[in-house]
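A look at the structure
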Amino acid sequence: MALAAVTAALVPGMMVSGSGPAVAHAVVEPSGRSVTASLRDDLEEYLDDRGAKDHFSAVSLRVTYADQRPDISVDAGTFRYGGGRPVNSEALWQIGSNTKAFTSVLLLQLEAEGKLSMRDKLGKWLPEYPAWGDVTITQLLSMTSGIPNYTEQRAFLRDFDARPSTRFTLERLMSYVEGLPLGPATYEYSNTNYLLAQMIVERASHDTYVEQLAERIIEPLGMNDTCLPPYCPPGTASRMPAPYSTHADLPKHLNKSVPPLALSWAQGAGGLVSSLEDMTTWDRALYSGQLLPPAQQRELESLVSMTTGKPIESVTADDPFGFGLGLVKIIHPVAGTVWFYEGATYGNRVLHMYFPETGMIIALAVNSAVGEEDTLPDLAGTVYETLSAQEATGSPLAPAAPEPAA
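Read on for an overview of the structure.

Reading the values: rules and limits
Residues numbered from 1 in each chain as written. Predicted model: local features only at pLDDT ≥ 70, side-chain atom pairs only at ≥ 80, totals over all residues. Heavy atoms only, no water. Helix = DSSP H or I, 4+ residues; strand = E, 2+ residues; numbered from the N terminus. Buried < 20%, exposed > 50% of the residue type's maximum accessible area, 1.4 Å probe, protein only. Areas by Shrake-Rupley, 256 points an atom, 1.4 Å probe, with all protein chains shown as cover. Arc of directions from axis to C-beta. Contact = heavy atoms within 4.5 Å. Pairing = 2+ DSSP bridges. Phe/Tyr/Trp six-rings, centres within 6.5 Å; stacked < 30°, edge-to-face > 60°. Lys NZ or Arg CZ within 6 Å of the ring centre and 35° of its normal. Polar contact = N/O pair within 3.5 Å; in protein donor to acceptor, adjacent residues only side chain to side chain. Salt bridge = Lys/Arg side-chain N within 4 Å of Asp/Glu carboxyl O. Axes fitted to C-alpha atoms, helices over the stretch in contact; angles between N-to-C directions. Parallel < 35°, antiparallel > 145°, perpendicular 65-115°, else oblique. Nonpolar A, V, L, I, M, F, W, Y, C, P; charged D, E, K, R; others polar. Core = buried A, V, L, I, M, F, W, Y, C linked by side-chain atoms within 4.5 Å. Left-handed = near helix turned anticlockwise from the far one by under 90°.

Right, let's get into the overall build of the chain. Within the chain one finds 12 helices and 16 strands. Within the span of the chain, comprising 406 residues, buried residues form 60% of the whole. Carbon and sulfur atoms provide 52% of the accessible area of the chain, an area that totals close to 15700 Å².

Below is the structure:
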């Protein structure tokens, strides 16, 4: 399975504005040129090469480290296709299926509190779906349930294309797959799994999904730029680069913008909006074990092969793609073995890579859906090479120019 196939498989088809310019630090290469400038070149070259092909106008990058090295934020392009104000690090993005790990963590926290077990069957929590009653929570989160994917159904795609701003309820989304046969219990990506997981969060906690997100994750981590539409504050949409659809399955919106907060179709499977700063804060907490006891952290990181659907200890050269409970581990052709996820909506792609040996995080975002060929993982490799070249020189830090305010 090629890396592009992995990212394609992931595609579903309390916010505070910055008070002023963010002053970054740049790493100066021996030539006197900052690594920030080199990374900006990488982004601008990518925008020049892929922007028209994939119909996006903006690309943003954030790099964070586990040690005291300062974060790096770099951006290229504009908020709208064809021009306009330049994008900057205050931008907000539809993070797509990066949301799934949030849903998994909520369930694992509830398990740690004795309110449920990952071995619980769907019939215990959601008896209204008797055809899926023997599926376990672990099977939902590891994509091995066999439950069909609602975002692949023609009726759903037709309804979304007709009116993307439709307020989809969970019941309506589930109606697109109710009555369809259960597939084999092997790896098969399905967003339906995470809508069901969202429902279990609510039943086990006796609370809403959005309140559980806020109480357990968003507020404790200080993620002030993260929200779940429609529960986003005024001004959120104005900080979002216009999302552009490139899906042939949505012919009315092909290469056109879709409403930035029209995410009720995704909910606990991919509905969050966030900044790259918040995303990297979340990723560090996620992978460093800040959010879960050790037993649940091990469950979170347990893998099934995305080729065979069988449990694996780790990825290998022969089996390089593993799916955890809302996480993915891969062997990237340039960056090596990393935790990786590329979330995609019908208008954004947001990718992160976490390097377990060093704790470095690379996060990237563009404002269009995946096209015929997804090259965002390739850009992540280019960024890694630029950072590695700087690391090899042992270059010092120096102030970089402040970014313009949003």
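An α-helix turns once every 3.6 residues. As a result, residues three or four positions apart point the same way. For helix α6 (residues 154-162), the full list of buried residues reads Phe156, Leu157, Phe160 and Asp161. Buried residues in α6, looked at end-on, bunch into an arc of 125°, giving them a common side. Away from the buried face of α6 by more than 90 degrees, exposed residues Arg154, Arg158 and Ala162 are located. Residues of α6 that are buried make contact with α7 (170-175).

On to the pairing of strand β3 (residues 72-80). Counting buried positions over the nine residues of β3 gives seven, a clear majority of the element. As judged from the six bridges shared by strand β2 (residues 58-64) and β3, these two strands associate in the antiparallel manner. Looking at β3, one finds that Val59 is bridged to Ala76. Direction of pairing for β3 relative to strand β4 (residues 83-86): antiparallel, over a ladder of two bridges. Within β4, the residue paired with Thr78 across the bridge is Pro86. Hairpin geometry of β3 and β4 is characterised by an intervening segment of two residues between the two adjacent antiparallel strands and by a positive phi of about 100° at Gly82.

Right, let's get into the packing of aromatic side chains. Using the criterion set out here, one finds 18 aromatic pairs in the structure. With centroids separated by 6.3 Å and ring planes inclined at 70°, the aromatic side chains of Phe323 and Tyr341 adopt a geometry described as edge-to-face. You can see Phe323 sitting in strand β11 (residues 321-323) and its partner Tyr341 sitting in strand β13 (residues 336-344), a full 18 residues away along the chain. Residues Phe323 and Tyr341 agree in their burial class; the two are buried. An aromatic cluster is present here, built from Tyr150, Phe156, Phe160, Phe168, Tyr176, Trp265 and Tyr346 joined pairwise through their rings. Over the aromatic face of Tyr194 sits the side chain of Lys100, whose NZ or CZ is 5.6 Å from the ring centroid.

Okay, the side chain of Asp278 next. Position of Asp278 relative to the elements: it lies in helix α10 (residues 276-287). Polar contacts involving the side chain of Asp278 include one to the main-chain amide nitrogen of Asn224, which spans 3.4 Å. Setting aside its immediate chain neighbours within four residues, Asp278 contacts Gly222, Met223, Asn224, Asp225 and Thr226.

The next thing to look at is the pattern of salt bridges. For the structure shown, the criterion picks out 16 salt bridges. Notably, a salt bridge pairs Glu113 with Lys115, separated by 3.4 Å at the nearest N-O pair. Connected via shared salt-bridge partners are Arg50, Asp54 and Glu373.

Further remarks concern the packing of helix α3 (residues 99-112) against helix α9 (residues 209-218). Where α3 meets α9, the closest approach of the two axes is 11 Å, and the angle between their N-to-C directions is 80°. When the axis of α3 is compared with that of α9, the two are roughly perpendicular. Judged by residue contacts, Thr99, Phe102, Thr103, Val105, Leu106, Gln109 and Leu110 of α3 engage Tyr209, Gln212, Leu213, Arg216 and Ile217 from α9. A class-by-class count of the residues in the contact of α3 with α9 yields seven nonpolar, four polar and one charged.

In this section: the environment of Pro293. Tracing the backbone shows Pro293 in the loop between α10 and α11 (294-301). Counting along the chain gives 185 residues from Pro293 to Leu108, while the straight-line C-alpha distance between them is 9.1 Å.

Ranked by size, the top nonpolar core spans 121 residues in total, and within it Phe156, Leu196, Trp265, Trp282, Phe323, Ile362 and Leu387 carry the most contacts. Ranked by the residues each element gives to this core, the list is headed by helix α8 (residues 192-205), at eight residues. If we ignore the near neighbours within four places in the chain, the residues touching Leu387 are Val35, Leu39, Val63, Tyr65, Ile72, Met360 and Ile362.

A word on the sheet that holds β4. Ordered in space as β4-β3-β2-β15-β14-β13-β12-β11-β9-β10, the 10 strands form an open sheet in which the pairing is antiparallel. Only two strands of the sheet have a single partner each, and these edge strands are β4 and β10 (311-312).

Each packed pair of helices is defined by two parameters, the angle between the axes and the distance between the axes. Where α3 meets α8, the closest approach of the two axes is 10 Å, and the angle between their N-to-C directions is 35°. The handedness of the crossing between α3 and α8 comes out as left-handed. On α8, the residues that touch Lys100, Thr103, Ser104, Leu106, Leu107 and Leu110 of α3 are Tyr194, Ala197, Gln198, Ile200, Val201, Ala204 and Ser205. Of the residues in the contact of α3 with α8, the class split is eight nonpolar, four polar and one charged.

That is the geometry; function is a separate question.
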